[in-house]
Amino acid sequence: MRAQDSSGVAAGPATEPGPAAARRATDDLATDGARSPHVVRLLMVASVALITLAAFEALAVATVMPVVVDDLGGLHLYAVAAGAPLAAQLVATAASGAWVDARGPRGSLVVGVLAFCVGLVVAGLAPAMGILAIGRAVQGFGAGLLMVPLYVLVGAMVPADRQPRFFAAFAAAWVVPGLVGPAIAGTVADAVSWRWVFLAVPVLTLAAGAVLVPLLRHVPRKRRAAQDPAARRATRKILLAATGAGLAAAALQVAGSGGGASGLVLAVAGVAVLAVTVRLLLPVGALRLRRGVPSAVTCRGLLNAAFVSAETFLPLLLVREHGWTVREAGLVLTVSSLTWAGGSAVQGRVHDPRRRALLLWLGPLILVTGTLVAAAASLPGAPAWWVVVGWTIAGAGIGLVFPALSVVVLQSTAPAQHGAVSSSLQISDALGAALGLAAAGALFLAFVAHGALGFLAGLLVSAALAVGALAAGARATAVSAPAPASASAEA
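Each chain has its residues counted from 1, following the order in which its sequence is written. Where local features are concerned, this predicted model is filtered to residues with pLDDT of at least 70; where side-chain atom pairs are given and counted, the filter is 80 or more; whole-chain, interface and lining totals use all residues. Computation of side-chain values: all heavy atoms of the structure, hydrogens and water removed.

Helix axes use the C-alpha atoms of the stretch in contact, all axes being lines fitted to C-alpha atoms, and the angles between their N-to-C directions lie in the range 0 to 180 degrees. Runs of H or I in DSSP of at least four residues are treated as helices and runs of E of at least two as strands, each being numbered from the N terminus. In the contact formed by helix α10 (residues 293-322) and helix α12 (residues 331-348), the axes pass within 10 Å of each other and the chain directions differ by 145°. From α10, Phe307, Glu311, Leu314, Pro315 and Leu318 reach across to α12, where they touch Val332, Leu333, Ser336 and Trp340. Considered class by class, the residues forming the contact of α10 with α12 number seven nonpolar, one polar and one charged. Contacts are assigned to residue pairs that have any heavy atoms within 4.5 Å of one another. For this classification, Asp, Glu, Lys and Arg are treated as charged, while Ala, Val, Leu, Ile, Met, Phe, Trp, Tyr, Cys and Pro are nonpolar and the rest, including Gly, are polar.

A few words now on the side chain of Ser309. Along the chain, Ser309 falls in helix α10. In the analysis that follows, any N or O atom pair within 3.5 Å is treated as a polar contact, provided that within protein one partner can donate a hydrogen and the other can accept it, and provided that, for residues neighboring in sequence, both atoms belong to side chains. One polar contact links Ser309 to Ser462, side chain to side chain, over a distance of 2.7 Å. Beyond its immediate stretch of four places on either side in the chain, Ser309 contacts Asn304, Gly436, Leu437, Ala440, Ser462 and Leu465.

This part is about the environment of Val69. For Val69, the position within the fold is in helix α2 (residues 37-72). Apart from the residues within four sequence positions on either side, Val69 is in contact with Gly74, Leu75, Tyr78, Met129, Leu316 and Arg320.

With that settled, the discussion passes to the environment of His76. Position of His76 among the secondary structure elements: in the loop between α2 and α3 (78-103). Relative accessibility under 20% of the residue-type maximum defines a buried residue, over 50% an exposed one, and the middle range a partly exposed one, all with a 1.4 Å probe and only protein chains included. Overall, His76 belongs to the partly exposed group, its relative accessible area being 39%. It is 7.1 Å that separates the C-alpha atoms of His76 and Gly258, two residues lying 182 residues apart in sequence. Beyond its immediate stretch of four places on either side in the chain, His76 contacts Ser257 and Leu445.

It is worth spelling out a nonpolar patch on the surface at this point. Patch members must show over 30% relative accessible area and no salt bridge, and they are joined within 9 Å when carrying like charges or within 5 Å when they are nonpolar side chains of Val, Leu, Ile, Met, Phe, Trp or Tyr. The accessible surface values rely on the Shrake-Rupley method and a 1.4 Å probe; as for residues, cover is taken only from the protein chains in view. Whenever a carboxyl oxygen of Asp or Glu lies within 4 Å of a side-chain nitrogen of Lys or Arg, that contact is scored as a salt bridge. A surface patch of nonpolar side chains, about 370 Å² in accessible area, is lined by Val118, Val122, Ile131, Ile134 and Val138. Counting residues per element, the ones that place at least two in the nonpolar patch are α4 (105-124) and α5 (129-157). Of all the elements, α5 adds the most residues to the nonpolar patch, at three residues. Inspection of the secondary structure assignment puts Ile131 in helix α5. For Ile131, a relative accessible area of 37% translates into the label partly exposed.

Pasting the structure below:
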């Protein structure tokens with residue numbers, strides 16, 4: 001999942017909680033604020049390294065998954081292996097926020113780094129696709145645990161005048177892997193083995209953690225204070241809702257991979273759980289596309305669902321149906337990263353409110369167009385380069401709208417609600433991607449016996465999700481007053 005947001009507000013998956021999380025915890029963790037330049041530099045290097053490694057791993061795995069499934073088999077678990085980290089991150093992000101609020105960033109950060117590494121090792125040594133999917137879930141859970149503390153540490157240890165530099169570096173840490181990650185991963189997979197794409201990263205992650213963990217002594221330990229009973233109940237409610245939604249998303253992914261009576265039971269159970277939990281996690285009216293912030297949050301989830309689900313299957317399409325190597329197929333991820341960054345830069349220069357409102361439907365429209373062009377490469381006799389052209393267009397579209405939604409949401413919400421609405425954006429991102437993969441994966445498997453028709457079916461699901469984002473984006477343009485409080489604001 002990507003997280004390129006030139007607005008200065010984190011816009012990625014549940015893996016990137018953004019400055020709001022840091023501001024929310026700063027009051028509890030702030031020290032004297034005057035840290036030595038040496039400590040601040042070490043924090044910058046180690047934290048940017050961890051974020052870069054997490055971002056690199058996400059894109060690297062997307063690049064090499066076609067050769068993984070050729071080696072291990074288990075094509076029916078392809079979408080599960082891709083979506084398991086997203087479902088796990090959703091749970092971990094909520095758990096990490098509560099953990100950091102209660103006990104400080106130490107525990108969540110250390111456990112997150114270890115879980116991230118353990119998951120990568122399990123995936124890298126996996127003898128079967130099912131084991132790889134489990135390892136990826138552990139990896140995703142670790143990534144969710146370690147991201148929130150990084151932002152909190154900036155709020156606690158870095159002087160206010162230097163914090164913007166940190167957040168700019170964090171944003172760049174998500175962009176750079178998109179430019180070089182696919183090529184590196186493809187080269188490693190072609191020259192050595194796909195397993196080293198997983199096994200090399202834990203070494204670098206532990207090295208970055210070894211630099212970062214000693215810095216935690218500069219953050220005072222939190223004293224356990226009596227928590228307001230209402231706040232405690234609200235926290236439990238959000239944790240349970242996030243856990244339920246993550247498990248439901250995972251159940252739907254597994255249901256789509258298996259089919260049969262057991263798959264039907266899992267699907268029904270997953271939908272039932274989502275019907276209860278999503279309303280607790282998103283702003284009031286998000287599911288009904290209420291104008292303003294609720295529709296903006298829904299638009300973000302649908303955008304991520306469309307983009308991630310399509311991008312997961314495009315390298316496989318190029319390798320299986322067009323005979324490209326995994327390194328060549330990784331080009332599609334690189335070009336979309338470039339145009340995403342370009343689209344984000346363009347929207348950052350649009351200041352007129354009316355023109356910015358146009359971005360909220362223009363971006364999804366461009367994404368729909370690009371997805372359909374890429375999907376056309378699965379038609380008989382169609383050239384492979386349609387994928388590259390289409391995904392170049394799609395990257396520009398999502399780059400225009402993704403950060404613009406963050407700006408609209410924060411400018412249309414009272415400052416006291418910024419933490420809650422930022423959390424809603426992150427949850428919508430993660431949940432949308434996980435559910436989009438479940439839907440596209442189910443259609444892909446339903447038609448994969450007919451060759452390229454399976455890819456066409458899955459990509460058309462992605463295009464339909466982008467059309468939904470277009471409708472939600474159009475409803476998000478009429479934002480002029482603070483939106484109703486999110487149900488998750490109780491936390």
